[in-house]
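Results of the structural survey
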Amino acid sequence: EDPALLAAFEARIAAGESIEPKDWMPERYRKQLTRMMAQHAHSEIVGMLPEGNWITRAPSLRRKMSLIAKVQDEAGHGLYIYCGTETLGVDRHDLFNQLLDGSAKYSSIFNYPTLSWADMGVIGWFVDGAAIVNQTVLAKASYGPYARAMVRICKEENFHKRQGFEICATLAKGTPAQKEMLQDAVNRFWWPSLMMFGPSDKDSPNSAELLKWRVKRKTNDELRQRFVNLTVPQAQAIGVTLPDPDLKYNAETKNWEFGEIDWSEFWEVVQGNGPCNAERLAARNKAHDDGQWVREAALAHAAKRSAKSSA
Ligand code: ACO
């Protein structure tokens with residue numbers, strides 16, 4: 001790679017300019033963004049599964065409408081980010097095939113089961129809450145198409161988070177059984193939600209390069225801490241207990257300090273051995289196979305139309 005081009009590229013990044021698809025970029029930058037954006041898109045698509053599981057069992061029409069809208073938004077986010085990856089010169093079908101054959105990563109959080117209605121609330125509150133913390137910063141990433149996608153996606157994530165928190169606040173004021181169901185969901189999703197931010201900074205091989213090129217603007221640990229600081233007061237407000245006996249406020253740093261994350265569990269899930277990895281991949285593959293006739297019909301229709309217009 002031409003050192004002069006690299007220096008000019010890095011100067012543009014340092015000046016806060018955004019890099020656009022047709023601009024020159026180092027191959028590593030292209031590769032890193034493709035990796036990160038593809039994993040992100042896959043996460044949105046797989047993220048539909050745990051919640052889709054509850055659409056037919058939502059407790060009211062209002063809840064059902066919100067949940068359908070949220071799951072549909074996630075499909076939109078996935079497609080939007082796949083489009084973003086195509087601006088880097090990859091074919092989304094290749095990425096999609098990597099998801100289907102199990103060779104691609106997607107967020108660890110979606111490999112946990114959704115066992116009760118309270119999980120829908122807690123996922124909106126914690127998982128979408130964590131996604132907002134992460135993606136608000138990515139909205140300032142140096143790659144233009146990704147940053148712009150994040151702006152739009154964060155607006156929708158805010159609605160997702162609010163509908164989730166509202167479910168939780170309602171259950172928290174409910175019967176003892178509803179409160180217990182909520183607390184159980186909080187207990188199961190708290191630690192996996194903290195794991196969404198990735199390994200601790202010392203074990204994060206990609207961070208240095210991504211920070212240097214301003215794809216990431218904050219480290220995994222910084223964002224995790226921000227999420228904890230935002231979420232603890234919300235838990236206090238609705239009277240649920242976060243399952244961490246080491247959680248305590250540090251008045252000096254103004255941070256809520258938290259206990260040790262079980263990193264062996266994190267890596268197991270990332271490596272494909274979480275509670276639902278196999279189930280998620282099977283469901284995704286089945287949906288893809290079931291959609292084969294739709295793709296064939298769409299292609300046949302397009303072929304007929306183009307034959308007609310060229311006749
Ligand atoms: N789940 C699965 N894999 C993960 C996770 C996670 N929670 N965290 C890190 N990893 C993977 C990384 O992808 C990387 O794998 P790879 O090098 O084989 O590609 C490896 O673990 C080491 O991690 P890092 O070096 O810290 O990786 P990175 O610097 O890319 O940071 C992070 C990881 C924070 C997830 C970053 O990629 C990111 O911000 N991605 C965009 C946001 C996103 O994908 N969100 C998805 C969930 S939100 C939602 O879908 C609603």
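For the structure itself, consult the block above.
Residues numbered from 1 in each chain as written. Predicted model: local features only at pLDDT ≥ 70, side-chain atom pairs only at ≥ 80, totals over all residues. Heavy atoms only, no water.

1. Some remarks on the packing of helix H8 (residues 176-195) against helix H10 (residues 220-238)
Formally: Axes here refer to lines fitted to C-alpha atoms; in helices the fit is confined to the stretch in contact. Angles between the N-to-C directions go from 0 to 180 degrees. Here a strand is any run of E in DSSP of at least two residues, a helix any run of H or I of at least four, and the numbering for each starts at the N terminus. When an angle is under 35 degrees it counts as roughly parallel; over 145 it counts as roughly antiparallel; between 65 and 115 it counts as roughly perpendicular; any other value is oblique. Two residues form a contact once any of their heavy atoms are found within 4.5 Å. Note on residue categories: nonpolar means Ala, Val, Leu, Ile, Met, Phe, Trp, Tyr, Cys or Pro, charged means Asp, Glu, Lys or Arg, and polar means any other residue, Gly included.
Relative to each other, H8 and H10 sit at 170°, their axes nearing to 11 Å. Here H8 is positioned roughly antiparallel relative to H10, judged by the angle of their axes. When H8 is examined against H10, the residues Leu 182, Trp 190, Ser 193, Leu 194 and Met 195 are found in contact with a partner set consisting of Arg 224, Phe 227, Val 228, Thr 231 and Ile 238. Split into classes, the residues belonging to the contact of H8 with H10 amount to seven nonpolar, two polar and one charged.

2. Description of unusual backbone geometry
For the record, the criterion: Each residue is placed in one exposure class: buried if its accessible area under a 1.4 Å probe, protein chains only, is under 20% of its type's maximum, exposed if it is over 50%, and partly exposed if it falls in between.
Even without a glycine there, the phi angle at Arg 214 is positive, about 55°. With respect to the helices and strands, the residue Arg 214 is situated in the loop between helix H9 (207-212) and H10. Even without glycine at this site, Lys 254 takes up a positive phi of about 65°. Tracing the sequence through the fold places Lys 254 in the loop between strand E1 (248-250) and strand E2 (255-257). The exposed category is assigned to Lys 254, whose relative accessible area is 58%.

3. Some thoughts on the nonpolar core
What counts, and what does not: We call a set of buried Ala, Val, Leu, Ile, Met, Phe, Trp, Tyr and Cys residues a nonpolar core when their side-chain atoms join them within 4.5 Å.
Counting 77 residues, the largest nonpolar core has Tyr 29, Phe 126, Tyr 143, Tyr 146 and Leu 182 as the members making the most contacts within it. The biggest single contributor to this core is helix H6 (residues 118-138), with 11 residues. For Phe 126, the contacting residues outside a window of four places in its chain are Val 186, Phe 189, Trp 190, Ser 193, Phe 227, Thr 231 and Leu 242.

4. Brief notes about the pattern of salt bridges
Heads up, the rule is: A pairing counts as a salt bridge when a side-chain nitrogen of Lys or Arg comes within 4 Å of a carboxyl oxygen of Asp or Glu.
Counted according to the given criterion, the structure contains 19 salt bridges. For Arg 92, the salt bridge is made with Glu 86, and the minimal N-O distance between the two is 3.4 Å. Residue Arg 92 is classed as partly exposed on the basis of its relative accessible area of 22%. Notably, a salt bridge pairs Glu 257 with Lys 248, separated by 3.6 Å at the nearest N-O pair. The class of Glu 257 is partly exposed, set by a relative accessible area of 29%. Beyond isolated ion pairs, a larger network of salt bridges with shared partners links Glu 51, Lys 70, Glu 74 and Asp 128.

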